[in-house]
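# Structural overview
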Amino acid sequence: MRGQEQDVLRETRQERFTELEIDLLIANVAADASPICAPWGNVVVSRSGAKGYPSLQEAEGAGVTTHNNCRSGFSAYSGDKTAQTTPKYPAKKPSSQYQNTQIQRGNERQIRK
Ligand SMILES: [Zn+2]
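What follows concerns the overall build of the protein chain. Along the protein chain, the regular secondary structure elements total two helices and three strands. The buried share among the 113 residues of the protein chain stands at 16%. Sequence-distant contacts in the protein chain: of pairs separated by 6 or more residues, those separated by 24 or more amount to 62%.

Here it is as structure tokens:
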């Protein structure tokens, strides 16, 4: 699909969501989707920017449904149990928040006689 047709289709769909007063959308991303869209598979986004969800703007800004030759799209979210609320970007570096610092202290008393 060419960029311009893609834009028109996307805008038409968004207008329809507005008519239906649908705020939450879920990303339909094919298993062989581009690396741009892949992390967003089954991610629920909010058109209004509702709390707890990435916004549609954020997803589109990341290139989801907007990059060239994209075959991904958004459809109305209907409570799908496989839905995610954060894109699954592959880890690029070890997380600094990795918490494995639980130190068990030995409080054994050494009794000397
Ligand atoms: Zn795509």
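Let's pick the thread back up.
Let's shift gears to the environment of Ile22. Positionally, Ile22 belongs in the loop between helix 1 (3-19) and strand 1 (24-28). For Ile22, a count of 16 C-beta atoms within 10 Å gives the class partly exposed. Spatially, the C-alpha atoms of Ile22 and Ser46 are 9.1 Å apart, while their sequence positions differ by 24 residues.

Grouped together as the largest cluster of nonpolar side chains are 14 residues, with contacts concentrated most on Ala27, Trp40, Val45 and Ala59. Elements with a contribution of two residues or more to this core: strand 1, strand 2 (44-46) and helix 2 (56-61). Examining the composition of this core, we find that three residues originate from one element, strand 1, more than from any other. Residues in contact with Ala27, not counting those within four places in the same chain, are Trp40, Gly41, Asn42, Val43, Val45, Ala59, Val64, Ser72 and Phe74.

A separate point is the confidence of the model for the protein chain. Detailed reading of the predicted model is not advised wherever pLDDT is low. On average, residues of the protein chain score 85 in pLDDT, and 79% of them reach the 70 mark or higher. No element of the protein chain has a lower mean pLDDT than helix 1, which averages 92, and none a higher one than strand 2, which averages 98. For residues 97-107, every residue scores under 50 in pLDDT, and the model assigns this stretch zero contacts once sequence neighbours within four places are set aside.

This brings us to unusual backbone geometry. The backbone of Glu21 sits at a positive phi, close to 55°, despite the residue not being glycine. Here Glu21 is to be found in the loop between helix 1 and strand 1. Classification of Glu21 as exposed rests on a count of 7 C-beta atoms within 10 Å. A positive phi is found at Asn42, a non-glycine position, where the angle reads about 65°. Looking at the element boundaries, Asn42 is found in the loop between strand 1 and strand 2. Accessibility expressed as a C-beta count within 10 Å gives 17 for Asn42, which makes it partly exposed.

About the cut-offs
- Residues numbered from 1 in each chain as written.
- Predicted model: local features only at pLDDT ≥ 70, side-chain atom pairs only at ≥ 80, totals over all residues.
- Helix = DSSP H or I, 4+ residues; strand = E, 2+ residues; numbered from the N terminus.
- Buried ≥ 20, exposed ≤ 12 C-beta atoms within 10 Å, placed from the backbone.
- Contact = placed C-beta atoms within 7 Å.
- Core = buried A, V, L, I, M, F, W, Y, C linked by C-beta atoms within 7 Å.
- pLDDT = per-residue confidence, 0-100.

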